Amino acid sequence: MGRARGYNEEGTKAKVLERFFQLKKYQSSLKQELVAGLVSFFTIVYIVVVNSSILADAGIPFEAGVIVTALTSFVGCLLVGLYSNTPIILVPGMGINALFSYTIVKSMGLSWQEALAAVTVSGLIFVVVAFTKLSHLIMTAIPDSLKNATTVGIGLFLTFIGLQKGGIVISSPSTFVSLGHLGSPHVIVTIITLIITLVLFVRQVPGNFLISIVLGTGLSFIWGIVDISHLQSTALPFASYAKVFMGFSFAKWWSLPFWVATFSLALVVIFENMGLVHGYLQQLGRPEDQSRVLQANAISAASCGLLGTSPTVSTAETVAGIAAGGRTGLTAIITGTLFLIALFFIPYIRLIPDSAIAPILILIGGIMIQSIQSINFKDLSEGLPAFFVIVFIPLTYSIVDGLAFGFIAYPLLKLVLGKRKEVAFPLYLVSFLFLLNFVINALEM
């Protein structure tokens, strides 16, 4: 009797899973989705550490950053899994978190609370775009050369940040930057960990980033640069997160920097998600699901300002889950659930030093720079604006300023060369806003 009841319960669960995720239709199984979810998680879990570290540079407590990174990853994966039934993984995006901390907060002067308000508004803009025909209008208005240049520029920016965190590059009063002290334990550990990271990555070892972080932390412990006092407390630090949850402030909603920040966040998160989602769905053979995936992305991004982090994006590590057999939203839900479990390891996560995080940033930057191959530098009206974006993002230490130089130069060069018809009206509007921001900043100095 008990055995029969067990079979019935298992049969009911199987029917529920089939009804929601259509495993047979997509030629998958519960075991296959479970494996894919595990692979996705161990491939992307490094984001908990890296995103928290970048948020901390904006003033958000590291422990609160860990909590919000895990929560937003859970919410994002749950949304995309249930709403679109695809194995796409959503986590706070690399690059856009740098835009949040180093440009909006450190360069533009907004507090992290005001930056979270900008995240909220940019997310709502994304929602409007995703649920209307504006998504197509925006994607066609922004040229591919500027999209690819943005990816390359952010990649160089992340690499620069990683080199700084690892002590490989330091400030210099005469040359602005110079080579760090190669004999210091911090730099030695960073370089060794970078070598380990590169080897694991090029050999495509599953969970390579996670393994490199663990090994890098171990090396830091051996060299005596890890503070183990954090292990004295194993309680989840929800008190620090209480200050971040719904901690946004609209005190500067009327200022131009606020709206430049909002627009920049919206611009990056919209076309980054659109590009990634299109590629993944083509790989899955499900291009018809693009609207629902983008809508789930938009809702997730809008929730990030409330929860307390930079926006989520469809992560590149989704490919690992798809390669492992992930075909439905069950993969995403399993990955998201594992992020919640990761919260109980916060005391150990706090031990991870910059020397273990820096190599990940450096390598991710190297991966992102590959987009430069898609830029047509032979056409100067395309290549020069792209060049400006790529160069000015890391050298001004500002993603917004780097974008501004490229977006202003693009229509200007097209007009000079008699190619004004190649510039869509929305791009003229974007360029004008960037130019207006420069003018106002110059007048305020």
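Further up the page is the structure itself.
Please read all numbers here as calculations on a predicted model, not as lab measurements.

Caption draft 1: Seen up close, the packing of aromatic side chains. In the structure shown here, the tally under the stated rule is 15 aromatic pairs. With centroids separated by 5.7 Å and ring planes inclined at 55°, the aromatic side chains of Phe407 and Phe434 adopt a geometry described as tilted. Residue Phe407 is located in helix H19 (residues 399-416), and its partner Phe434 is located in helix H20 (residues 425-444); the two are separated by 27 residues in the primary sequence. A relative accessible area of 1% means that Phe434 is categorised as buried. Joined through ring pairs, the aromatic side chains of Tyr102, Phe157, Phe160 and Tyr397 make up one cluster. Across the ring face of Tyr83, the terminal group of Arg292 is positioned such that the distance to the ring centre comes to 3.9 Å.

Caption draft 2: Fine view of the pairing of strand S3 (residues 176-179). Across 4 bridges, strand S2 (residues 169-172) lies against S3 in antiparallel orientation. When the sheet's bridge partners are listed, Ser172 is paired in S3 with Phe176. The antiparallel hairpin formed by S2 and S3 contains 3 residues in its connecting segment.

Caption draft 3: Structural detail: the nonpolar core. Core analysis: the largest hydrophobic core is formed by 114 residues, its most contacted members being Tyr46 and Phe407. Element by element, the count of residues in this core is highest for helix H12 (residues 256-284), at 15 residues. Not counting the four nearest positions on each side in its chain, Phe407 is found in contact with Ile142, Leu146, Leu267, Leu427, Val430, Ser431 and Phe434.

So, how was this worked out
- Residues numbered from 1 in each chain as written.
- Predicted model: local features only at pLDDT ≥ 70, side-chain atom pairs only at ≥ 80, totals over all residues.
- Heavy atoms only, no water.
- Phe/Tyr/Trp six-rings, centres within 6.5 Å; stacked < 30°, edge-to-face > 60°.
- Helix = DSSP H or I, 4+ residues; strand = E, 2+ residues; numbered from the N terminus.
- Buried < 20%, exposed > 50% of the residue type's maximum accessible area, 1.4 Å probe, protein only.
- Lys NZ or Arg CZ within 6 Å of the ring centre and 35° of its normal.
- Pairing = 2+ DSSP bridges.
- Core = buried A, V, L, I, M, F, W, Y, C linked by side-chain atoms within 4.5 Å.
- Contact = heavy atoms within 4.5 Å.

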